[in-house]
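Topology and contacts: notes
Spelled out from the first residue to the last, the chains are:
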There are 2 protein chains.
Amino acid sequence: MAYHHGDLRAALLAAAEDALRTRGPGELSLRELAREVGVSPAAPSRHFRTKQALLDALAMEGYDRLTAVLGPALTGGSFADRLNALIRSYVTFVTENVALHELMFSRKHDPSAPPELIAATHRLMGLALGVIEDGQRRGEVRAGPALELAVPLAAVLQGLADLTSHGGLPDAKAEDALRETIAFTLRGYAP
Amino acid sequence: MAYHHGDLRAALLAAAEDALRTRGPGELSLRELAREVGVSPAAPSRHFRTKQALLDALAMEGYDRLTAVLGPALTGGSFADRLNALIRSYVTFVTENVALHELMFSRKHDPSAPPELIAATHRLMGLALGVIEDGQRRGEVRAGPALELAVPLAAVLQGLADLTSHGGLPDAKAEDALRETIAFTLRGYAP
DNA sequence: TCAAAATGTTGGCGTTGCATACATTGTTAT
DNA sequence: ATAACAATGTATGCAACGCCAACATTTTGA
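Quick caveat: nothing in here was measured; it's all calculated off a predicted structure.

A closer look at the relation of the copies chain A and chain B
- Least-squares fitting of chain A to chain B yields an RMSD of 0.1 Å, with the superposition described by an axial translation of 0.0 Å and a rotation of 180°. Read as a symmetry element, the transformation amounts to a two-fold axis.
- Of the interface residues in chain A, 100% have counterparts in chain B that sit at the interface too, so the contact is made through matching surfaces.

So, in structure tokens, the structure goes:
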């Protein structure tokens, strides 16, 4: 039995995300994670000074994965293509990572959140902004201040993700609702 | 000093909401609430069997207040008027009750949430649905299955509230973004 | 009036996050 | 090579928490 774990930090993050999926956030205990990983209760503190720090790191990982997923959706094609890909991949990510997504965005209400997290949300907003600006250059999106125009898109993304992940809609209807929402968004942005 | 408090339940809820405003949710402690109200640590358990039960009750109170605020927005006037009033009053409520709103909607991801809470969210969705259906009757909203059409509205509400309450936008820009989002929504629903 | 229900109190149990002090292993400079 | 040092993990303890069980005090109503 090695005294040193090898890569405790990664192991903790993995265990934490697993716990996040099965149980909710909030039911997540540092001591329990330590137990699962097979390490003493105080060991995690070497890598995460506080429980919140671990959650923040987990959220950052979530942002990285999200932007990675969203990246391909934003290259090439018409505005309609990009919008379609953006919305669909966003919704997919959220439904597949409900608790993680909730963690990422519940944290941003706290002014004491680490700057990296704030930056990550801004970067995400920047993605939406880029899609709008590109659409305007193509003449497929109405003119106007792009930053204001991007707000409804961000809102639709956030809200739609929330609605579908919640599962209030039966699965069959979900696709219809998704399609309708995309069409709705396109109408809103039409020149 | 009276042995019985008189209305502990209400006092606890009030203290809880206050604590929710100042500190976040999660930093909310039953024992501390009991202390603030001037009662023994185990007293709250007579009115809320568990901490979650108290939070749920608080969330229900939030739904009641929200629907009360939204009610006036939904009577009379054109579709544009109703939509405008609905979005604005929703955003106002959320910005004035950030933590409460977060509590209300974070809870709905949990399948073990009490039925009354689930019913409350459905009732809220029903409000949006009503606005759409009325708009259709007036010929001011495009034809189509109202339930699908209502999804983008609910999404915009949820997402916009999230964006503005987070405060990412400077206050001056917030009004512009709000106006733009309302116009965007009207275009999306235009026949 | 007096038994039962409602409401509070006391005390205790197990768990948690965190701080402190100590132990072991890796790394690096001499 | 080895001694100093940093990194990482352990042991222990503390205060607070949620919850439970047993007991006390009121209020209610038959």
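Text resumes after the structure shown.
So, the interface of chain A and chain B
- With 29 residues of chain A at the contact, the number on the chain B side is 29 residues.
- Contact between chain A and chain B buries roughly 3100 Å² in total, counting both sides, with carbon and sulfur atoms accounting for 69%.
- Taken together, the links from chain A to chain B amount to two salt bridges.
- For Lys108 of chain B, the salt bridge is made with Asp162 of chain A, and the minimal N-O distance between the two is 2.5 Å.
- There are four residue pairs in polar contact (both at pLDDT 80 or more) connecting chain A and chain B.
- When residues of the side of chain A that touches chain B are traced back to their parent elements, those giving at least two are α5 (98-106), α7 (146-166) and α8 (171-189) of chain A.
- Sort the elements by how many residues they give to the side of chain A that touches chain B and α7 of chain A lands first, with 14 residues.

Details of empty space enclosed by the protein
- Inspection of the entire model under this criterion finds three cavities of 30 Å³ or more.
- What lines the largest cavity is a set of 16 residues, among which Glu102, Gln158 and Asp162 of chain A together with Gln158 and Asp162 of chain B lie closest to the centre.
- Looking at the lining of the largest cavity, the elements that each hand over two or more residues are α5 and α7 of chain A together with α5 (98-106) and α7 (146-166) of chain B.
- The element that contributes the greatest number of residues to the lining of the largest cavity is α5 of chain A, accounting for five residues.
- A breakdown of the residues in the lining of the largest cavity according to their chemical character gives three nonpolar, nine polar and four charged.
- Taken as a whole, the second largest cavity holds about 60 Å³ of empty space.
- Considering the residues around the second largest cavity, the lining is formed by Tyr63, Met104, Arg107, Lys108, Ala113, Leu117, Ile118 and Thr121 of chain A together with His166 of chain B.
- Residue contributions to the lining of the second largest cavity peak at three residues, all from helix α6 (residues 115-137) of chain A.
- Among the residues forming the lining of the second largest cavity, the class breakdown is five nonpolar, two polar and two charged.

Quick look at the protein's contact with DNA strand C
- In the neighbourhood of DNA strand C, 23 residues make up the surrounding shell, with Arg31, Arg35 and Thr50 of chain A together with Ser40 and Arg46 of chain B lying closest.
- Of everything in DNA strand C that lies within 4 Å of the protein, sugar and phosphate atoms constitute 53%.
- The contact in question runs from a phosphate oxygen of DNA strand C to an N or O atom on the backbone of Leu30 of chain A, over 3.0 Å.
- One nitrogen or oxygen atom from the side chain of Arg35 of chain A is found 2.6 Å from a phosphate oxygen belonging to DNA strand C.

The rules we used
- Residues numbered from 1 in each chain as written.
- Chains lettered and ligands numbered in written order.
- Predicted model: local features only at pLDDT ≥ 70, side-chain atom pairs only at ≥ 80, totals over all residues.
- Heavy atoms only, no water.
- Least-squares fit on C-alpha atoms with pLDDT ≥ 70 in both.
- Contact = heavy atoms within 4.5 Å.
- Buried area = accessible area lost by both parts, 1.4 Å probe.
- Salt bridge = Lys/Arg side-chain N within 4 Å of Asp/Glu carboxyl O.
- Polar contact = N/O pair within 3.5 Å; in protein donor to acceptor, adjacent residues only side chain to side chain.
- Helix = DSSP H or I, 4+ residues; strand = E, 2+ residues; numbered from the N terminus.
- 1 Å grid on protein atoms, 1.4 Å probe; cavity = no way out; pocket = protein on both sides within 12 Å on 5 of 7 lines; lining within 4 Å.
- Points joined across faces, edges and corners; volume = space filled by probe spheres on them.
- Nonpolar A, V, L, I, M, F, W, Y, C, P; charged D, E, K, R; others polar.
- Near = heavy atom within 4 Å.

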